[in-house]
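Each chain, written out:
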Amino acid sequence: MLDSRIYTFLKLCDVMNYRITAEELNMTQPAVTQHIKFLENYYGCNFFKYSSRKLSKTPEGVLFEAYLRSADYNQATIKNQLSKKIKQAIRIGATKTIGDYVITDNIIALLNSKDIDLSLYVDNTSNLLDALNHKKISLALIEGFFDKAHYEYKLLREEAFIGICAKNHPFAGKEVPIESLFDENLIIREEGSGTRAILEQILINNNHSLDSFKTTTCISSFEVIKKLVIYEAGISFVYNAVAKSDSKLMTFKIKNNHITREFNFVYLKNTDANKYISYFE
């Protein structure tokens, strides 16, 4: 079992506030401070620092947190194995493009197995990485950006990132200058989603932002986004897997911005979670 001081450290990493850490762990604030000081003295370094009254992690704190997340995951794994459960519990997370449009056949195959107890969480990139860090899932299938220094990963495939519009739209099947987009209503995913982050980066690279568009509409559901685009309520940007899922959609490209992004398996370092990858390749 991991020492209770370890869980104090991990909670402080989550909330980055000594008072809130004490409240959530039903401890006193001096006790939280003592736990952190014990660990810092034991390892001979500082894990946290204050700058302008704001708490942040030192590089050593970031490294220690990554190690402890893996250790916590491994402890839960061995506990599950020692309990001699008949079924293997697999907890997988996927971003919406991958979960809804890429791995459906793999999920069906897993559901047909009598030896597997499957849980699939479909959410945005930010929430999936948080779930990975807190043992809610073992493996995440993620589109687009994540910090590769903090996780182990393996490429699933590369996917084109393209514009979608209605069949009768002037953009249909064309390559258009980025400036021609801005008179359109842009339909985008919520903050934290991979597709939104990619689009924002494309705009930044071209000295623009979401504010360049006449109007924007935020929708978290790809199915709703597709229907709005088909009914000429706006344009959007998605991965090719989403664009191909409905014959009523047409695609277009931004001139001089032909974008592909990685779909990756992502998991905590120094864990055996890569054993689940074979179910989805």
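A quick note: this is a predicted structure, and the numbers were derived from the prediction, not measured. (Residues numbered from 1 in each chain as written. Predicted model: local features only at pLDDT ≥ 70, side-chain atom pairs only at ≥ 80, totals over all residues. Heavy atoms only, no water.)

Visitor: Just checking my understanding: could you explain the side chain of K96 for this structure?
Guide: Inspection of the secondary structure puts K96 in helix 5 (residues 96–101). Look at K96: it is buried, it has no salt bridge, and the nearest opposite charge is E190 at 4.6 Å. (Helix = DSSP H or I, 4+ residues; strand = E, 2+ residues; numbered from the N terminus. Buried < 20%, exposed > 50% of the residue type's maximum accessible area, 1.4 Å probe, protein only. Lys, Arg positive; Asp, Glu negative; His and termini not counted. Salt bridge = Lys/Arg side-chain N within 4 Å of Asp/Glu carboxyl O.)

Visitor: Looking at this model, I keep getting lost on the nonpolar core. Mind explaining?
Guide: Counting residues in hydrophobic clusters, the biggest one holds 67 residues, and the most contacted among them are L141, L181 and F237. For this core, the leading source of residues is strand 12 (residues 259–267), giving five residues. Per-domain counts for this core show at least three residues from each of domain 2 (88–157 + 262–278) and domain 3 (159–259). Not counting chain neighbours up to four residues away, the residues in contact with L181 comprise F171, V176, F213, I235, F237, F252 and I254. I6, C13, F48 and F64 belong to the second-largest nonpolar core, a separate cluster that totals 15 residues. (Core = buried A, V, L, I, M, F, W, Y, C linked by side-chain atoms within 4.5 Å. Domains from an automatic or database assignment. Contact = heavy atoms within 4.5 Å.)

Visitor: Please clarify how the pattern of salt bridges should be interpreted in this entry.
Guide: Oppositely charged side chains may form a pair once their charged atoms are brought near each other. Under the counting rule described, the total for this entry stands at 16 salt bridges. A salt bridge links E23 to R19; the nearest nitrogen and oxygen atoms lie 3.0 Å apart. Within this pair, E23 and its partner R19 are both found in helix 2 (residues 18–24), separated by four residues, close to a single helical turn. The class of R19 is partly exposed, set by a relative accessible area of 43%. Here E262 makes a salt bridge to K148, at a shortest N to O gap of 2.8 Å. Of the two residues, E262 sits in strand 12 while K148 sits in the loop between strand 5 (139–143) and strand 6 (152–166), which places them 114 residues apart along the sequence. Judged by relative accessible area, which is 25%, E262 ranks as partly exposed. In the salt-bridge network here, residues are joined through shared partners; they are D14, K57, E65 and R69.

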